[in-house]
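# Structural features, examined
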Amino acid sequence: PVFSLGGGTGFVGRALTQLLRIRGHEVTHVSRQGGKDRISWEELSRSGLPPCDAVVNLAGENVLNPFRRWDDAFCREIISSRVETTKTLAKAIADADQPPRAWILITGVGYYRPSPTAEYTEDSPGGDFDFFSRLVSSWEAAALIPGSPTRGVVVRSGVVLGRDGGAISRMLWPFWLGLGGPLGSGLQPFPWIHIRDLSGIVCYALESECLQGVFNGVSPSSPATSNGTFAQELGAALGRPALLPVPAWAVRAVFGAERAIMLLEGQRVVPKRTLESGYHFIFPDLSAALKDIVA
Ligand code: NDP
């Protein structure tokens, strides 16, 4: 089978591409840059979807880039890099002579309202109370293709933990230097998933012939993980102390108050439908996940 991945060149995309190729699938990336096994977004709009069995969208401007100021221009880029790429792929699928069998979108647990106590499953309400929740709603709405024979899957991902990118790559240096610690109070829930499980869930959904709808992409132990536990476990995996809390005001100063919510608050998310689908997590446990990553 041949798969087309929007944003497949990124952190999650590289892991997914590797997994799919190991499993004998062919992968084409849709990218802003040309290259081997790639097509551009313009080419996709102009010439339509290359013949393929499934499509995945992973494109999106990095929200937590500390070098970008949280202003209107950046917010528009965050939205359009997700919503417009998703619309472009959805349109290409709708227009295809031979529609692919599956269409998978990765969004985020920002759909659910941050709370220290509430637990959310895929059926919980959300999507309408702040910038991130509304972003996820319009992103997921952009993927809808009414009346399409193509199976649609949305994976709402937590913080993706992996070796060469994402959250951990930004934290490794301070933690190595013994300067790591919880963000703010450290009591906020920390919804997380190992990158091999996120790509594992997407691959499982692609290869299954029947999965459809929303799946939470978080580890089963993630509802019990706080930011403080995460800092402690990362410190332990590195053999470094992780006792220095980063004060909330400093996080707000770097990221801006609205974006800092992502770091200073969190959601307890349960992967209910994901577990019911029969997917077996490789890293349900945080300390094993972190040891694997920093080893
Ligand atoms: P990356 O930051 O690695 O970016 C993925 C790809 O998106 C890039 O390789 C790039 O592809 C494309 N891209 C970046 N900026 C733009 C832009 N302005 N316009 C169009 N395309 C752009 O993302 P991840 O792999 O970490 O995440 C993949 C998806 O999963 C994203 O949508 C993200 O929001 C979501 N997600 C990620 C989480 C995480 O912790 N990493 C958590 C929850 C959700 P190219 O240069 O080839 O065009």
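What comes next concerns the included structure. (Residues numbered from 1 in each chain as written. Predicted model: local features only at pLDDT ≥ 70, side-chain atom pairs only at ≥ 80, totals over all residues. Heavy atoms only, no water.)

### Here's the deal with the environment of Trp-176
Just so we agree on the cut-off: Think of it this way: any DSSP run of H or I at least four residues long counts as a helix, any run of E at least two long counts as a strand, and we number them from the N terminus. Throughout, a contact is declared for two residues whenever any of their heavy atoms are within 4.5 Å.
With respect to the helices, strands and loops of the structure, Trp-176 is situated in helix α5 (residues 166–176). For the pair Trp-176 and Leu-234, spaced 58 residues apart in sequence, the C-alpha to C-alpha distance is 9.8 Å. Apart from residues no more than four positions distant in its own chain, Trp-176 is found in contact with Leu-238 and Arg-240.

### Description of the nonpolar core
Defined as follows: Take the buried residues of types Ala, Val, Leu, Ile, Met, Phe, Trp, Tyr and Cys, join any two whose side-chain atoms come within 4.5 Å, and each joined set is a nonpolar core. Throughout this description, buried means an accessible area under 20% of the type-specific maximum (1.4 Å probe, protein chains only), exposed means over 50%, and partly exposed covers the range between.
Counting residues in each nonpolar core, the largest one holds 36 residues, and the members touching the most others are Leu-44, Trp-70 and Trp-103. Only α2 (41–47), α3 (72–95), β5 (102–108) and α4 (131–143) provide two or more residues apiece to this core. Other than its neighbours up to four places away in sequence, Leu-44 contacts Val-30, Ile-39, Leu-49, Pro-50, Thr-88, Leu-89 and Ala-92. Grouped together as the second largest cluster of nonpolar side chains are 29 residues, Ala-15, Val-153, Val-155 and Leu-206 included.

### Some details on the sheet that holds strand β4 (residues 54–57)
Note the cut-off: One requirement defines pairing of two strands: DSSP has to find at least two bridges between them. An axis is simply a line fitted to the C-alpha atoms; with a helix, the fit covers only the stretch in contact. Between two such axes, the angle follows the N-to-C directions and lies from 0 to 180 degrees.
Here we have seven strands laid out as an open sheet, ordered β3-β2-β1-β4-β5-β7-β10, and parallel in their pairing. Looking at which strands have only one partner, the edges of the open sheet turn out to be β3 (38–40) and β10 (213–217). When strand polarity is set aside, the average angle formed by the axes of neighbouring strands in this sheet is 20°. As paired strands, β4 and β5 are joined by four bridges and run parallel to one another. Considered in β5, the bridge of Asn-57 is made with Leu-105. Each of β1 (2–6), β2 (26–31), β4 and β5 touches helix α1 (residues 11–22); the most contacted strand, β1, lies at about 175° to it. This element, helix α6 (residues 195–207), spans β1, β4, β5, β7 (151–157) and β10 of the sheet and lies at about 170° to β7.

### Section: the packing of helix α8 (residues 248–255) against helix α9 (residues 257–264)
What counts is decided by this rule: Put simply, angles under 35 degrees are roughly parallel, angles over 145 are roughly antiparallel, angles from 65 to 115 are roughly perpendicular, and the rest are oblique. Here a crossing is taken to be left-handed if its near helix is turned anticlockwise relative to the far helix by less than a right angle, and right-handed if that turn runs clockwise. Any residue outside Ala, Val, Leu, Ile, Met, Phe, Trp, Tyr, Cys, Pro, Asp, Glu, Lys and Arg is labelled polar, Gly included; the first ten of those are nonpolar and the last four are charged.
As a packed pair, α8 and α9 sit with axes 7 Å apart at the nearest point and diverge in direction by 130°. Compared by their axis directions, α8 and α9 come out oblique. Remark: the crossing between α8 and α9 carries right-handed chirality. On α9, the residues touching Ala-248, Val-251, Arg-252, Val-254 and Phe-255 of α8 are Ala-257, Arg-259, Ala-260, Leu-263 and Leu-264. Looking at the contact of α8 with α9, its residues break down into eight nonpolar, no polar and two charged.

### Focus: the side chain of Ser-4
Mapping Ser-4 onto the fold places it in strand β1. Contact partners of Ser-4, with chain neighbours within four places excluded, come to Thr-28, Pro-50, Cys-52, Ala-54, Val-55 and Val-56.

### A short note on the site of the ligand
The line we're drawing: Consider each residue's heavy atoms; a residue with any of them within 4 Å of a molecule or strand counts as near. N or O atoms within 3.5 Å of each other form a polar contact, as long as, within protein, one can give a hydrogen and the other can take it, and as long as residues adjacent in sequence are counted only when both atoms are side-chain atoms. The Shrake-Rupley method, run with a 1.4 Å probe, gives the accessible areas here. Residue values count only the displayed protein chains as cover.
Residues in close proximity to the ligand total 20 residues, the closest being Thr-9, Phe-11, Val-12, Ser-31 and Arg-82. Side-chain polar atom of Arg-32 to an oxygen atom of the ligand: 2.9 Å apart, as the coordinates give it. Within the contact set of the ligand, an oxygen atom lies 3.3 Å away from a backbone nitrogen or oxygen of Ala-59. In the complex, the protein chains occlude 81% of the 890 Å² of accessible area that the ligand would expose alone. Those elements that provide at least two residues to the shell around the ligand are α1, α3, β5 and β8 (159–161).

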